[in-house]
Structures are given as C-alpha cells and as structure tokens.
Amino acid sequence: MRSLVIALTLSFVASAAHSLSLAPEEFSASRQLACVLAEQSLGYLSEDEYGARTHTVLDGFDDLERDNILSKALGYVDGLMFAIDAGDHAEVDARLESFVGSDSCADGGGFRRVTVSL
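Residues numbered from 1 in each chain as written. Predicted model: local features only at pLDDT ≥ 70, side-chain atom pairs only at ≥ 80, totals over all residues. Heavy atoms only, no water.

For the protein, the count of helices and strands is 6 helices and 0 strands. Moving toward the C terminus, one meets the helices and strands of the protein in the order α-α-α-α-α-α. (Helix = DSSP H or I, 4+ residues; strand = E, 2+ residues; numbered from the N terminus.)

Quick look at the structure:
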C-alpha cells in the first residue's frame, strides 16, 4: 500500500512539473504576452487592442498551454515590480516603460511610445 501511495504521488508530481514547463513556442508567447500586459497597464492599448493582441498571442494553444503562458507572463510582470512600494506609481510606470522599450518587446510589433524633446 505504501509503495502504491508513493508511486501515485511521484506520478502526480511528474505530471504537474511537466504541465508547468514551457516549450519554446510557449516561452516566446509568454514573453509576448508579458509585453501586452505591460502595455495595457501603462494605458497604451484600448480594450479592443488588448483583446486582439492577447488573442493573437494565445491563438493555436490549448487551454492548459494558455494557462501556463498567462501564468508565466503574469509572473514576469509581477517580478518587474519586485521591491517597489505599491504607491510609487512613477517607479511602476518607469519599470513597465523600460520593459516595453527593451529588446524583450522589440520583436513583438507592439506600440511604442516616443518622446521628443526640443
């Protein structure tokens, strides 16, 4: 009985670990989705643009893959906010803008905010 419980537990842990690992396509999609989430948080996207971009990124993945991609993207954006006071909106925006302007988001074809100083 004990070995059956251990075998079932190991089987469950192995399947859970497999479901949390990302294939290269899922990893790329999670990075793209993190860019979309950052742009949405900054107010760069309308609701329609956000929906269309999210749908484009997640199109072709099954529900489990979509959940994994979303979890990874949310985790990355959350990680950008590490050690920032929740009330420090300027620092939050600065980190999100830095991420959106980084190479990580460069190939996503997303919105770019351009500032010109004279």
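As for its position among the elements, Ala-38 is in helix α2 (residues 24-41). Taking the C-alpha atoms as reference points, Ala-38 and Glu-97, 59 residues apart in sequence, are found 7.8 Å from one another. Excluding anything up to four places from it in sequence, Ala-38 contacts Leu-96, Phe-99 and Val-100. (Contact = heavy atoms within 4.5 Å.)

Moving on, we get to the packing of aromatic side chains. One pass over the full model with this rule turns up 1 aromatic pair. Ring centres of Tyr-76 and Phe-99 lie 5.1 Å apart, and the angle between their planes is 45 degrees; this geometry places the pair in the tilted category. Of the two residues, Tyr-76 sits in helix α4 (residues 63-80) while Phe-99 sits in helix α5 (residues 89-100), which places them 23 residues apart along the sequence. (Phe/Tyr/Trp six-rings, centres within 6.5 Å; stacked < 30°, edge-to-face > 60°.)

Inspection of the secondary structure puts Thr-54 in helix α3 (residues 47-58). With relative accessibility at 15%, the residue Thr-54 sits in the buried group. Each residue touching Thr-54, except ones within four places of it in the same chain, is listed here: Leu-33 and Val-36. (Buried < 20%, exposed > 50% of the residue type's maximum accessible area, 1.4 Å probe, protein only.)

Where α4 meets α5, the closest approach of the two axes is 9 Å, and the angle between their N-to-C directions is 125 degrees. On the basis of the axis angle, α4 is oblique to α5. Facing Tyr-76, Val-77 and Leu-80 of α4, the residues of α5 in contact are Arg-95, Leu-96 and Phe-99. Tallied by class, the residues present in the contact of α4 with α5 amount to 5 nonpolar, no polar and 1 charged. (Axes fitted to C-alpha atoms, helices over the stretch in contact; angles between N-to-C directions. Parallel < 35°, antiparallel > 145°, perpendicular 65-115°, else oblique. Nonpolar A, V, L, I, M, F, W, Y, C, P; charged D, E, K, R; others polar.)

Before going further, it helps to examine the pattern of salt bridges. Following the criterion strictly, the structure yields 2 salt bridges and no others. One salt bridge connects Arg-53 with Glu-39, and the closest N-O pair in it is separated by 2.6 Å. Placement of the pair is Arg-53 in helix α3 and Glu-39 in helix α2, with a sequence separation of 14 residues. The exposure class assigned to Glu-39 is buried, which follows from its relative accessible area of 1%. A salt bridge links Glu-91 to Arg-95; its shortest N-O distance comes to 3.3 Å. Residue Glu-91 and its partner Arg-95 are both found in helix α5; the two are separated by 4 residues, about one turn of the helix. (Salt bridge = Lys/Arg side-chain N within 4 Å of Asp/Glu carboxyl O.)

Right, let's talk about the nonpolar core for a bit. One finds Leu-33, Val-57, Ile-69, Met-81, Leu-96 and Phe-99 to be the most contacted residues of the largest nonpolar core, which totals 24 residues. Within the residue set of this core, elements represented by two or more residues are α2, α3, α4 and α5. Examining the composition of this core, we find that 7 residues originate from one element, α2, more than from any other. In this structure, Leu-96 is in contact with Ala-38, Ser-41, Leu-42, Val-77, Leu-80 and Met-81, ignoring residues within four places of it in sequence. (Core = buried A, V, L, I, M, F, W, Y, C linked by side-chain atoms within 4.5 Å.)

Glancing now at α3. Counting along an α-helix, one turn takes 3.6 residues, and residues three or four places apart therefore face a common direction. A rise of 1.5 Å per residue sets the reference length of α3, with its 12 residues, at 16 Å; its end C-alpha atoms lie 16 Å apart and thus fit the reference within 8%. Gly-60 sits one or two residues past α3 and shows a positive phi near 95 degrees. (Expected span 1.5 Å × (residues − 1).)

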